[in-house]
Amino acid sequence: MLKYIFREVSRGFSPGLRRFSDVKVTENVAKSPAFPHLIEQASLYLHWPYCLRRCTYCNFNKYIPKEDNEDIMAKCLQRETETLLQLSQVSCITSVFFGGGTPSLAHPSTIAKILETVSNQVYLSDEAEVTLEVNPTPVGMSKLKDFHFAGINRFSIGVQSLQDEHLKSLGRDHSSLEVLQTLEEARRLCPGGVSVDIMFGRPEQTIESWSNELSDMLRVCDDHVSLYQLTLERGTQLFKQVHCGQVTMPTEEMTAEMYRCARKTLQQHGFQQYEVSNFAKNNSQSRHNLSYWKGKQYIGVGPGAHGRFVPLGEGGDAREARTQTLEPDVWIREVQQRGHGTRRRIQLGHLELLEEVLVMGMRMTKGINHKVKRTQ
């Protein structure tokens, strides 16, 4: 079981994971006058599929662009956002998350245009959490102020490691010094609104070095930390290196001890664990992530994005799982032709919803309630 949990932790917040509720099954919610907020509100995930390079461990849906097509990507993200918001007929977006890929490669004006599109369609409160994943490179750091001006109020910084030799072996394109500089600027702009992603179970990593690294991180991080265990994924460069004997990974027992060490250390520094991989203090939990784990509607926009919502705009009365086309070039053509790139849609029955209740509920510290209520 621990190995399964670690595997899920390593996947973190990939849009490809199935997510739903912690205590209520709300199939056919459109017919339920008791829970109108379940269909009037949603969170919004936007996937930026491009990276400058691929990390050695990464098998996510990301691509190295052959040419600069940001203008057309921005227009297509805007158009699909419009289409899916109209299809869902939600009246309020409670949170927005720009993930990837490396969305900090986008121009701040692109982010501003997308948020303007959302605001033109539905209500987006000034208090809504709007997150951008950032690679801590000089280019990423140089745009933080403009991203903040565009409407971003929370930064998720992909630190992964504070050791330069490990960053290099992982294929990251930043240094530990650049991490510190990026964190300082992000915290200046969004105090209390900066999350740090850090990875354990890395090649050649020891429990002692991990403990020291955690101590270093806690001196510079803000109020939110996400832990990710590195797992080998077929098709990645790291997978090949390990199987050829070029790289040695920590044992399962060592990674389990690293996880226990991190939990203890974070709690000693005032961080409360609220999910398998997430820790926060000063009420800085990720509201967007919690919306997934609590079974609220979410709309996925962009290549490979996933969503869960009721398509009221075409007469739907049950929640659907929707997946957008993976490949950016194909997705762009589909959006241009029909306004969206939805490749697959599956109506969720009671059993599927209950499965998601159990899986997602067990990720959270609060767990699941034995009194599961099904609303028709």
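The structure we're discussing is the one just above.
Residues numbered from 1 in each chain as written. Predicted model: local features only at pLDDT ≥ 70, side-chain atom pairs only at ≥ 80, totals over all residues. Heavy atoms only, no water.

Peer 1: I would appreciate a short explanation of helix H11 (residues 252–268) in the present structure.
Peer 2: Given 3.6 residues per turn, any residue in an α-helix points the same way as the ones three and four places further on. If you check H11, its first and last C-alpha atoms are 25 Å apart, about what 17 residues at 1.5 Å a residue would give, namely 24 Å. Buried within H11 are the following residues: Thr255, Ala256, Met258, Tyr259, Cys261, Ala262, Thr265 and Leu266. (Helix = DSSP H or I, 4+ residues; strand = E, 2+ residues; numbered from the N terminus. Expected span 1.5 Å × (residues − 1). Buried < 20%, exposed > 50% of the residue type's maximum accessible area, 1.4 Å probe, protein only.)

Peer 1: Whenever I open this one, the packing of helix H3 (residues 70–88) against helix H4 (residues 108–121) confuses me. Can you help?
Peer 2: Axis angle and axis distance: for two packed helices, these are the angle between their axes and the distance between the axes, and together they describe the pair. Interhelical geometry of H3 versus H4 gives an angle of 20° and a closest axis separation of 10 Å. In terms of orientation, H3 lies roughly parallel with respect to H4. Where H3 crosses over H4, the two elements pack in a sense that is right-handed. Seen from H3, the contacting residues are Glu70, Ala74, Leu77, Gln78, Thr81, Glu82, Leu85 and Gln86; seen from H4, they are Thr110, Lys113, Ile114, Thr117, Val118 and Gln121. The residue inventory of the contact of H3 with H4, partitioned by class, reads five nonpolar, six polar and three charged. (Axes fitted to C-alpha atoms, helices over the stretch in contact; angles between N-to-C directions. Parallel < 35°, antiparallel > 145°, perpendicular 65-115°, else oblique. Left-handed = near helix turned anticlockwise from the far one by under 90°. Contact = heavy atoms within 4.5 Å. Nonpolar A, V, L, I, M, F, W, Y, C, P; charged D, E, K, R; others polar.)

Peer 1: It is not clear to me how a nonpolar patch on the surface should be interpreted in this structure. Could you clarify?
Peer 2: A cluster of nonpolar residues, Leu354, Leu358, Val359, Met362 and Ile368, forms a patch on the protein surface that exposes about 390 Å² of accessible area. Relative to the helices and strands, Ile368 is located in the loop between helix H14 (350–363) and strand S14 (373–374). (Patch = residues over 30% accessible without salt bridge, like charges linked within 9 Å, V, L, I, M, F, W, Y side chains within 5 Å. Areas by Shrake-Rupley, 256 points an atom, 1.4 Å probe, with all protein chains shown as cover. Salt bridge = Lys/Arg side-chain N within 4 Å of Asp/Glu carboxyl O.)

Peer 1: In this structure, what is going on with the environment of Cys190? I would like to understand it.
Peer 2: Of note, Cys190 is situated in the loop between helix H8 (176–189) and strand S6 (194–200). By relative accessible area, which is 5% here, Cys190 ends up buried. Remark: the alpha-carbon pair of Cys190 and Asn153, spanning 37 residues in sequence, is separated by 6.1 Å. Leave out the neighbours within four places in its chain, and Cys190 touches His148, Ile152, Asn153, Arg154, Phe155 and Asp222.

Peer 1: Honestly, the pattern of salt bridges in this entry has me stumped. Any pointers?
Peer 2: Where side chains of opposite charge bring their charged atoms close, a pairing between them can arise. Going through the model one piece at a time under the given rule, you end up with 14 salt bridges. Between Arg154 and Glu129 there is a salt bridge whose closest N-O contact spans 4.0 Å. Taken together, the residues span a long stretch of sequence, with Arg154 in strand S5 (residues 154–160) and Glu129 in strand S4 (residues 123–134) at a distance of 25 residues. The pair Arg154 / Glu129 is uniform in exposure class, with both members buried. Note that Arg308 is salt-bridged to Glu356, the shortest N-O span being 3.0 Å. Placement of Arg308 in strand S11 (residues 306–309) and of Glu356 in helix H14 is noted, with a sequence separation of 48 residues between them. Summarising the burial analysis for this pair, Arg308 and Glu356 share the class buried.

Peer 1: How should I be thinking about the packing of helix H9 (residues 207–218) against H11 in this particular structure?
Peer 2: With their axes 10 Å apart at the nearest point, H9 and H11 run at an angle of 30° to one another. Between H9 and H11, the crossing angle belongs to the class labelled roughly parallel. Viewed along their axes, H9 and H11 form a crossing whose handedness is right-handed. On H11, the residues that touch Ile207, Trp210, Ser211, Leu214, Met217 and Leu218 of H9 are Met254, Glu257, Met258, Cys261, Ala262, Thr265 and Leu266. By residue class, the composition of the contact of H9 with H11 is ten nonpolar, two polar and one charged.

Peer 1: Please clarify how unusual backbone geometry should be interpreted in this entry.
Peer 2: Most peptide bonds are trans, and most residues other than glycine sit at a negative phi. For the peptide bond that leads from Gly100 to Gly101, omega is 20°, which places it in the cis range. Positionally, Gly101 belongs in the loop between strand S3 (92–100) and H4. For Gln160, which is not a glycine, the phi torsion comes out positive at approximately 70°. Considering the arrangement of structural elements, one finds Gln160 in strand S5. With phi around 65°, Glu204 is a residue other than glycine that occupies positive phi space.

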